[in-house]
Amino acid sequence: MQREGPAERVRFEDFSPLWQPFAPDIVCGLFFVAARTLEPRLEFWAIRADLTEPLLEVVVSGGGGEWAEDQAVSNVVPSARVSSFVREYGGLAGINTVPFHPVSAREGEKRICVGVVVSAGALVSLPVYGYDALVFYNDGRAAIVSQKEIGDLGGVETAVGGFRIVLYNGELPGRLLSGAGTARHDTPRHPRSAAGLSACGNVLYLLVIDGRRSASIGATEAETGLILKKLGAAYGLNFDGGGSSVMALRFPDGRVRAINTPMHGGVPGRERAVAASLGIRVLAAGL
């Protein structure tokens, strides 16, 4: 299975994912793709997870409790690299999620989440109205919604905030369209992390796009939404990006490392310690 780097060289408009089974000796329903486009120059990696597969579990890094100060939920959590999260939680894959501050590469520092985080039914960080979130419910449903709709957490098992929706019902939202109805590409290019859901909400897509290097110049918000659509998503959410963008995978020999090239502090390969990560693991896999 190709895991080391993007495998395609195609125009953006012609991109079609070549999904490969991921860890097929462990679980079904998990797939991987790596791709490269030339116009624009982008390298990106994605995971596709069938949420109806009973052995697959979506997890979010917890926190809050040991750092809580004057209130039950302080939005303050200890930092960790995505690769460390995948190791600790026995995951197969993981990605960064909620925006936060301050930033550094050091683990175990205090991070202030800017948006909701719910881990195993426990509220770790409060919603921020104006931003959106990826939510997994106790009844098996998943959705991308405004954080103001999360309310009292009734029925919410796991949730992670991001910035804004970049794909809705298979189309770009109005803010990402020009007056002529075409995609706007005048927003900044950055490394991007994102998540998508199929129309029925039972397939999860995780996406990381590299930026700030010659082989991959970074994506606009519209391009991020369009890549998610080409992967098969109908709904998409833009997570924290830039130097925070990391996707970490567990390789066949058990090693966990970033599949993309993180860019913390402008240093290629340097992984930032983030506030919260989302991962996929296998129940009773013994990883």
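For the structure itself, look to the data block above.
Nothing here was measured: the structure is a model prediction, and the numbers come from that model.

J.: I'm lost on the pairing of strand β12 (residues 132-137) in this one. Help?
T.: It is a general feature of regular strands that their side chains alternate between the two faces of the sheet. For β12, a buried count of six out of six residues is recorded, marking the element as mostly surrounded by other parts of the structure. Side chains D132, L134 and F136 of β12 all project onto a buried face; the interleaved residues A133, V135 and Y137 project onto the opposite face, where all are buried too. Where β12 folds back on strand β13 (residues 142-146), the antiparallel hairpin that results is connected by four residues, among which G140 adopts a positive phi of roughly 95°.

J.: Explanation requested: the sheet that holds strand β8 (residues 100-101) in the structure shown.
T.: Strand pairing in a sheet relies on backbone hydrogen bonds, with the paired strands running either antiparallel or parallel. Judged by pairing direction, the sheet is antiparallel, and its three strands sit side by side in the order β6-β9-β8 without closing on themselves. Each edge of the open sheet is held by one strand with a lone partner, namely β6 (76-78) and β8. Looking at chain direction, β8 and strand β9 (residues 110-113) are connected through two bridges and run antiparallel. For H101, the partnering residue across the bridge sits in β9 and is I112.

J.: What should I look at first to understand the side chain of D210 in this one?
T.: Note on placement: D210 falls in the loop between β17 (203-209) and α2 (221-231). Looking at D210, its side chain comes within polar contact range of the side chain of R213, at 2.8 Å.

J.: Looking at this structure, I do not really get the sheet that holds β12. What am I missing?
T.: In space, the five strands of this open sheet follow the order β11-β10-β14-β12-β13, with antiparallel pairing throughout. With one partner strand each, in any of the chains shown, β11 (122-125) and β13 form the two edges of the open sheet. The sheet shows a mean angle of 30° between the axes of neighbouring strands, taken without regard to direction. Pairing analysis gives five bridges linking β12 to strand β14 (residues 156-161), with the strands arranged antiparallel. In the strand pairing of β14, Y137 is matched with V156.

J.: What should I look at first to understand the nonpolar core in this one?
T.: A general tendency of soluble globular proteins is for nonpolar side chains to be buried together. Of all hydrophobic cores here, the largest spans 52 residues; its most connected members are I47, L134, L204 and L278. Broken down by element, this core gets its largest block of residues, four residues, from strand β5 (residues 56-60).

J.: Which parts of the structure should I look at to understand the packing of aromatic side chains?
T.: Think of a pair of aromatic rings as described by two things: how far the centres are apart, and how the planes are tilted against each other in angle. Taken as a whole and judged by the stated rule, the model has six aromatic pairs. Centre to centre, the rings of W19 and Y205 are 6.2 Å apart; their planes meet at 45°, and the pair counts as tilted. Taken together, the residues W19 in the loop between β1 (10-11) and β2 (20-21) and Y205 in strand β17 connect sequence positions 186 residues apart. Accessibility expressed as a relative area gives 5% for Y205, which makes it buried. One residue, R255, lies across the ring of F251, its end atom 5.7 Å from the ring centre.

J.: Looking at this model, I keep getting lost on the pattern of salt bridges. Mind explaining?
T.: Working definition: two side chains of opposite charge can pair if their charged atoms are close together. Using the criterion set out here, one finds 15 salt bridges in the structure. Where E109 meets R106, a salt bridge forms, and the shortest distance between an N and an O atom there is 2.6 Å. Accessibility expressed as a relative area gives 24% for E109, which makes it partly exposed. When salt bridges that share partners are traced, they join R36, E43, D210 and R213 into one network.

J.: Which parts of the structure should I look at to understand unusual backbone geometry?
T.: Comment: phi is negative for the bulk of residues other than glycine, and the bulk of peptide bonds are trans. Between E39 and P40 the backbone carries a cis peptide bond, its omega angle lying at 5°. With an omega dihedral of -10°, the bond running from H101 to P102 counts as a cis peptide bond. Along the chain, P102 turns up in the loop between β8 and β9. Not every positive phi belongs to a glycine, and A23 is a case in point at roughly 50°. Note on placement: A23 falls in the loop between β2 and β3 (30-39). Notably, R212 is not glycine yet its phi reads approximately 65°, a positive angle. Looking at where R212 falls in the secondary structure, it is placed in the loop between β17 and α2.

J.: Teacher, can you tell me more about the environment of D152 here?
T.: With respect to the helices and strands, D152 occurs in the loop between β13 and β14. Note: C-alpha distance between D152 and L123 (29 residues apart in sequence) is 9.8 Å.

Conventions adopted
Residues numbered from 1 in each chain as written. Predicted model: local features only at pLDDT ≥ 70, side-chain atom pairs only at ≥ 80, totals over all residues. Heavy atoms only, no water. Buried < 20%, exposed > 50% of the residue type's maximum accessible area, 1.4 Å probe, protein only. Helix = DSSP H or I, 4+ residues; strand = E, 2+ residues; numbered from the N terminus. Pairing = 2+ DSSP bridges. Polar contact = N/O pair within 3.5 Å; in protein donor to acceptor, adjacent residues only side chain to side chain. Axes fitted to C-alpha atoms, helices over the stretch in contact; angles between N-to-C directions. Core = buried A, V, L, I, M, F, W, Y, C linked by side-chain atoms within 4.5 Å. Phe/Tyr/Trp six-rings, centres within 6.5 Å; stacked < 30°, edge-to-face > 60°. Lys NZ or Arg CZ within 6 Å of the ring centre and 35° of its normal. Salt bridge = Lys/Arg side-chain N within 4 Å of Asp/Glu carboxyl O.

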